[in-house]
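Results of the structural survey
For reference, the chains in residue letters:
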Amino acid sequence: VHLVESGGGLVQAGGSLRLSCAASGSVFSIKSMGWFRQAPGKERELVARLSDGGGTKYGDSVKGRFTISGDNADVDLHMNNLQPEDTAIYYCAAGEWDGDYGRVLYKYWGQGTQVTVSS
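Residues numbered from 1 in each chain as written. Predicted model: local features only at pLDDT ≥ 70, side-chain atom pairs only at ≥ 80, totals over all residues. Heavy atoms only, no water.

**Topic: the overall build of the protein chain**
To keep it simple, the criterion reads: Runs of H or I in DSSP of at least four residues are treated as helices and runs of E of at least two as strands, each being numbered from the N terminus. Every radius of gyration here is taken over C-alpha atoms, with the globule rule written as 2.2 Å times N^0.38, N being the number of residues. Think of it in three bands: residues with accessible area under 20% of the maximum for their type are buried, residues over 50% are exposed, and the middle band is partly exposed, with areas taken using a 1.4 Å probe on protein chains only. Contacts were defined at the residue level, with two residues in contact if any of their heavy atoms lie within 4.5 Å.
For the protein chain, the count of helices and strands is zero helices and eleven strands. Taken over the C-alpha trace, the protein chain has a radius of gyration of 14 Å; the compact-globule value for 119 residues is 14 Å, and the two agree within 12%. Referenced to the eigenvectors of the C-alpha coordinate spread, the extents of the protein chain come out at roughly 45 × 25 × 25 Å. Split into buried and exposed, the 119 residues of the protein chain put 41% on the buried side. In the protein chain, of all internal contacts separated by at least 6 residues, the share reaching a separation of at least 24 is 55%.

Rendered as structure tokens:
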């Protein structure tokens, strides 16, 4: 599975951006698509994920501001009311079921796209 991200960039606080991710290859095996982010000096964290059944999950800091949409081959992240603390590299990820662990593991990652929010 190969993931290509687009979007991102520089925006002022309160503004909006949309990130897009397109998957190619063995997309039939994908059970979940998600967006993660990593800010300098911080660990990578979940922003939002979308499961093949349509379920969604959001990180606490983005609830009510970000929306994930799409399917198991293409997923968008709509980001509203962006704040300086949202500044990070955002990564798209695709998850497959792992029988050994008994859960979905995010095995495929995009190259990352920078989002910078100025105050």
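Here the narrative resumes, following the displayed structure.
**Here's the deal with the side chain of aspartate 98**
Among the secondary structure elements, aspartate 98 is positioned in strand 9 (residues 88–98). The residues touching aspartate 98, leaving out its near neighbours within four places in the chain, are Arg103, Leu105 and Lys107.

**Notes on the state of the cysteines**
For clarity, the cut-off: Any two cysteine sulfur atoms within 2.5 Å of one another count as a disulfide.
This model, assessed by the stated rule, comprises one disulfide. Bridging cysteine 21 to cysteine 92, the disulfide has an S-S length of 2.0 Å. With the S-S dihedral at roughly -80°, the linkage between cysteine 21 and cysteine 92 falls on the left-handed side. Of the two residues, cysteine 21 is situated in strand 3 (residues 17–24) and cysteine 92 in strand 9; the sequence distance between them amounts to 71 residues.

**Topic: the nonpolar core**
What counts, and what does not: Here, nonpolar core means buried Ala, Val, Leu, Ile, Met, Phe, Trp, Tyr and Cys residues that are tied together by side-chain atoms lying within 4.5 Å of each other.
The biggest cluster of nonpolar side chains holds 27 residues, and the ones touching the most others in it are Met33, Trp35, Leu77, Met79 and Tyr90. Those residues in contact with tyrosine 90 that lie beyond four places of it in its chain are Glu5, Leu19, Trp35, Phe36, Arg37, Val47, Phe66, Leu77, Met79, Gly112, Thr113 and Val115.

**Quick look at the sheet that holds strand 1 (residues 2–7)**
To keep things clear, this is the line we draw: Between any two strands, at least two bridges found by DSSP are needed for them to pair. Note on definitions: angles span 0 to 180 degrees between N-to-C directions of axes, and those axes are lines fitted to C-alpha atoms, for helices only across the stretch in contact.
Strand order in this open sheet of four strands is 1-3-8-7, and the pairing throughout is antiparallel. Only two strands of the sheet have a single neighbouring strand rather than two, namely strand 1 and strand 7 (66–70). On average, adjacent strands in this sheet sit at an angle of 15° to one another, irrespective of strand direction. Pairing of strand 3 with strand 8 (residues 74–79) involves six bridges; the strand directions are antiparallel. In the strand pairing of strand 8, alanine 22 is matched with aspartate 74.

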